[in-house]
Protein chains: 2
Amino acid sequence: MHVQHCIVSAPGKAILHGEHAVVHGKVALAVSLNLRTFLELKATSSGKVCVDLPNIDTSLSWDVSELRMLLSASLVKQEETKLLDVELLRRLREFVGITDGNLDTRSMATLAFLYIYLSLFGSGDLPSLSVSVWSELPTGAGLGSSAAYSVCLAAALLTASGAIPAPLKDSASTARWCQEDMELINSWAFQGEKIIHGNPSGVDNAVGTWGGMLRFLVPLLRILLTNTKVPRSTKVLVAGVKDKLNKFPSIINPVLDSVDAISCTCEKTLAEMTSEPITGEHYNVLEELIDINQTQLNVMGVGHPSLDTLCRVTLARGLHSKLTGAGGGGCGITLLRPETDSSVVQSTVQDLRDCGYECWETSIGGPGVQQHSPTSVKDEVMERLSPH
Amino acid sequence: MHVQHCIVSAPGKAILHGEHAVVHGKVALAVSLNLRTFLELKATSSGKVCVDLPNIDTSLSWDVSELRMLLSASLVKQEETKLLDVELLRRLREFVGITDGNLDTRSMATLAFLYIYLSLFGSGDLPSLSVSVWSELPTGAGLGSSAAYSVCLAAALLTASGAIPAPLKDSASTARWCQEDMELINSWAFQGEKIIHGNPSGVDNAVGTWGGMLRFLVPLLRILLTNTKVPRSTKVLVAGVKDKLNKFPSIINPVLDSVDAISCTCEKTLAEMTSEPITGEHYNVLEELIDINQTQLNVMGVGHPSLDTLCRVTLARGLHSKLTGAGGGGCGITLLRPETDSSVVQSTVQDLRDCGYECWETSIGGPGVQQHSPTSVKDEVMERLSPH
């Protein structure tokens, strides 16, 4: 079987408002983050399946015949994507050498790839191909990097297998799949997420597939994304909020209600920005909501001095920031206005780097998974995908 | 008429929790602040009434005969303290030279003194006397300095006039009046506050009179009081919160509910501390409430970088702070634990002075107005009251 060459990409995810409150039944706004994961799939005649993951210095290769042996005689082409094929997963864990405690990124990425590859191609000939993945996203930072990877895998392998058509027309630089095909991509990406995370919410792969903000049309917003590089444990932070809620329910419950209202007000404002002319007042509201939510997250006890510094440093340039995700360090987002001068952005980025932080100028609300023509992908990304 | 010599003092006031929320119908905890205003009243035979206010470099003196002329023939001894004697006040404003726009501290202090003096003594002989007032409180910092002054005036002049007995017994160093006498002191002090402020809430003079926390028994808590010396307008800050509430009612109303619950939880904790053995856990709760409320005040937009600095500097020494009063600069309080070592306190005070702040080690929850024996008053205060 010969497969078609394709390049796809999927965005990361940032929480605009509602982190932590979502654990207690409140609204959260998850939006696509335009730091993307790119995947190039090439047909080969080597009789091999190769996976290159330069972000984590991983280059793997298997003989097709070796992979064929992992399929049981009874395995039929996997149409049902709601449940994981437990028997296949068990064999793959053994093949990859995963013991229970071994959950490193490389093993998980390998497992997700092989599972989707064998599930989609297992009923016919296994094609030889090479897959190369490069991501602009930091891993393990709560920015949906594993979901972006799973979405790319699903889109590329589904397209290669012929299960969905390649959407890219001759002259176009990028193209997206139809709604029905995206649903299939999303369901396979969710399988990948389950393999990697055990019990994912499904939000990250949905944002990676559809982009924007779930269920809503949103404007593209310029942001800075900053990684304070302060390590944190999401589990400990979530437990801390729960303890506070148990200790002071009459104080903390209204805080969660307030955050819920912030998410709803933000959603309403973003909706207005897509249906009427965008004004400075829209941005004023977005900035106020960011400031209020950041202080609310401090009330919940998930702030950190590094995040206070982020807020102070950016406010000195007139920019408003909040943590995104679990808090306690980790990442923050800074809203940029359309009129914010690039010199201001560059100075701010420099200030933040001087604090020891990593900083990216990017946007939120951009498109989900898409196919690219090779010429439409930035040279630096192409160089990572297919080094010369 | 010859009056009795006496020395009295009254405490200032700090808001422990609930500032701003109180404007919107929520509970606020006003507590006595043990930075006190001292007043010494001496009988003289000079035929003069003298007022010395060394804090504001004011020394005034009038002939008793001159003051007598301000009383109309129809004026009777003022028993009814609910309403101001508008005619007397008009004459006094003219006498002191107060035009509508002229509301300086010296004029207001003079007006309040003369009003209470003439009201209490006007029906009989006007006694010659001298009054000297020295305050440990900064003025205009939202710490109830005018109320402490009015309470001292009321207590000393009521005692001098014989309207209430001097409570101090021979061997005692301090003494307080009975409940009924304190009610009379409070009602006259409220008159003074009305003259000085126009439309006071009555909270400050009540705290100055009764001390502690209104209606509740509270433990004495060690604190640092810090004045950031950043000037602010209470009116502008209150209006800012109101604007935010109007703009984002669904977000800010829960914040006010949360602050209300903080005040109630604090009240409950303080009550427990008076009825059961005080534990570290009581202080843990008080500290958490301080932290949460400080961030809530930031949500309301009444924080200030100088207050963030206060919190950061004290937290570096393991101490918890919040703004007290209007915010936007002004004053903050820092809770000290009973076991907090004096070396830690001294280092913290030095850190705060290095920030350019004024800082006092004092306490909250102490006694209200009291009479002092001359030997029970600190030398530095006596020196200010009666310089040699």
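- An unreviewed UniProt entry lists chain A under the name Mevalonate kinase, with Merluccius polli as the source organism.
- Per UniProt, chain A has the following entry under Function (unreviewed entry): "Catalyzes the phosphorylation of mevalonate to mevalonate 5-phosphate, a key step in isoprenoid and cholesterol biosynthesis."
- Turning to chain A, the UniProt record has this under Catalytic activity (unreviewed entry): "(R)-mevalonate + ATP = (R)-5-phosphomevalonate + ADP + H(+)".

1. Side note on helix α7 (residues 234-247) of chain B
Here is step 1: Taking 1.5 Å per residue, 14 residues should reach 20 Å; α7 of chain B reaches 20 Å between its end C-alpha atoms and fits that length.
Here is step 2: Of all the positions in α7 of chain B, only L237, V241, K244 and L245 of chain B are classed as buried. For α7 of chain B, the buried positions fall inside an angular range of 100° around the axis, keeping them on one side. Among the exposed residues of α7 of chain B, those oriented more than 90 degrees off its buried face are K235, V236, D243 and N246 of chain B.
Here is step 3: Buried residues along α7 of chain B sit in contact with α9 (280-299) of chain A together with α8 (249-275) and α9 (280-299) of chain B.

2. Concerning the UniProt feature "domain: GHMP kinase N-terminal" (unreviewed entry) in chain A
Here is step 1: UniProt annotation of "domain: GHMP kinase N-terminal" (unreviewed entry) refers to residues 122-207 of chain A when read in the numbering used here.
Here is step 2: From the first C-alpha to the last, residues 122-207 of chain A spans 28 Å; its make-up is 48% helix and 10% strand.

3. Brief notes about the relation of the copies chain B and chain A
Here is step 1: Superposition of chain B onto chain A requires a rotation of 179° combined with a translation of 0.0 Å along the rotation axis, giving an RMSD of 0.1 Å. Viewed as a symmetry operation, the transformation between the two copies matches a two-fold axis. Rotation axis and chain B: the residue whose C-alpha lies nearest the axis is P254 of chain B, separated from it by 2.4 Å.
Here is step 2: The residues that chain B uses at the interface reappear at the interface of chain A in 100% of cases, marking a shared surface.

4. Here's the deal with helix α10 (residues 305-315) of chain A
Here is step 1: For α10 of chain A, every residue scored as buried is listed here: S306, L307, T309, L310, C311, V313 and T314 of chain A.
Here is step 2: Structurally, α10 of chain A contributes buried residues whose contacts are with β7 (221-227), α9, β8 (320-324), β9 (331-335) and α11 (342-354) of chain A.

5. As for the UniProt feature "domain: GHMP kinase C-terminal" (unreviewed entry) in chain A
Here is step 1: Mapped onto this numbering, the UniProt entry gives "domain: GHMP kinase C-terminal" (unreviewed entry) at residues 286-349 of chain A.
Here is step 2: As a span, residues 286-349 of chain A carries 52% helix and 16% strand, and end to end its C-alpha atoms are 21 Å apart.

6. Focus: the environment of K13 of chain A
Residue and element names in this part refer to chain A.
Here is step 1: Mapping K13 onto the fold places it in strand β1 (residues 6-17).
Here is step 2: With 321 residues separating them in the primary sequence, K13 and T334 have C-alpha atoms 15 Å apart.
Here is step 3: Apart from the residues within four sequence positions on either side, K13 is in contact with A30, V31, L33, G142, L143, G144, D204 and V207.
Here is step 4: Within the local environment of K13, its side chain forms a polar contact with the side chain of D204, the two groups lying 3.1 Å apart.

7. Notes on the packing of helix α4 (residues 145-161) of chain A against helix α5 (residues 179-197) of chain A
Residue and element names in this part refer to chain A.
Here is step 1: At a minimum axis separation of 8 Å, α4 and α5 run at an interaxial angle of 135°. Judged on the interaxial angle alone, α5 and α4 are oblique. Between α4 and α5 the crossing geometry is right-handed. Contacts from S146, A147, Y149, S150, V151, A154, A155 and L158 in α4 reach L184, I185, W188, A189, G192, E193, I196 and H197 in α5.

8. Considering the pattern of salt bridges
Here is step 1: Applying the stated criterion across every chain yields a total of 32 salt bridges over all chains.
Here is step 2: Residues E136 of chain A and K378 of chain A are paired through a salt bridge, measuring 2.7 Å at the closest nitrogen-oxygen approach. Residue E136 of chain A is located in the loop between β5 (129-135) and α4, and its partner K378 of chain A is located in the loop between β11 (370-372) and α12 (379-385); the two are separated by 242 residues in the primary sequence.
Here is step 3: By relative accessible area, E136 of chain A is classed as buried at 19%.
Here is step 4: A salt bridge links R337 of chain B to E287 of chain B; the nearest nitrogen and oxygen atoms lie 2.9 Å apart. Within this pair, whereas R337 of chain B is found in the loop between β9 (331-335) and α11 (342-354), its partner E287 of chain B is found in helix α9, the two being separated by 50 residues in sequence. By the burial criterion, R337 of chain B is buried, and E287 of chain B matches it.

9. Examining the interface of chain B and chain A
Here is step 1: In this complex, chain B contributes 23 residues to the contact, which on the side of chain A involves 23 residues.
Here is step 2: Both sides together, the interface formed by chain B and chain A hides about 1,800 Å², and carbon and sulfur atoms give 68% of it.
Here is step 3: Interface area lost by chain B to chain A is led by F248, I251 and I292 of chain B, which between them contribute 28%.
Here is step 4: Taken together, chain B and chain A are joined by 6 salt bridges.
Here is step 5: Where chain B packs against chain A, one counts 6 residue pairs in polar contact (both at pLDDT 80 or more).
Here is step 6: When residues of the side of chain B that touches chain A are traced back to their parent elements, those giving at least two are α7, α8 and α9 of chain B.

10. Topic: the side chain of H372 of chain B
Residue and element names in this part refer to chain B.
Here is step 1: Note that H372 resides in strand β11 (residues 370-372).
Here is step 2: Judged by its relative accessible area of 6%, H372 falls in the buried class.
Here is step 3: Within the structure, the side chain of H372 is placed 2.6 Å from the side chain of S9, a separation counted as a polar contact.
Here is step 4: Discounting residues that sit within four places of it in the chain, H372 has contacts with I7, V8, S9, F38, L168, S173, T174 and V377.

Thresholds applied
Residues numbered from 1 in each chain as written. Chains lettered and ligands numbered in written order. Predicted model: local features only at pLDDT ≥ 70, side-chain atom pairs only at ≥ 80, totals over all residues. Heavy atoms only, no water. UniProt positions renumbered as here; feature names shortened; annotations may be inferred. Helix = DSSP H or I, 4+ residues; strand = E, 2+ residues; numbered from the N terminus. Expected span 1.5 Å × (residues − 1). Buried < 20%, exposed > 50% of the residue type's maximum accessible area, 1.4 Å probe, protein only. Arc of directions from axis to C-beta. Contact = heavy atoms within 4.5 Å. Least-squares fit on C-alpha atoms with pLDDT ≥ 70 in both. Polar contact = N/O pair within 3.5 Å; in protein donor to acceptor, adjacent residues only side chain to side chain. Axes fitted to C-alpha atoms, helices over the stretch in contact; angles between N-to-C directions. Parallel < 35°, antiparallel > 145°, perpendicular 65-115°, else oblique. Left-handed = near helix turned anticlockwise from the far one by under 90°. Salt bridge = Lys/Arg side-chain N within 4 Å of Asp/Glu carboxyl O. Buried area = accessible area lost by both parts, 1.4 Å probe.

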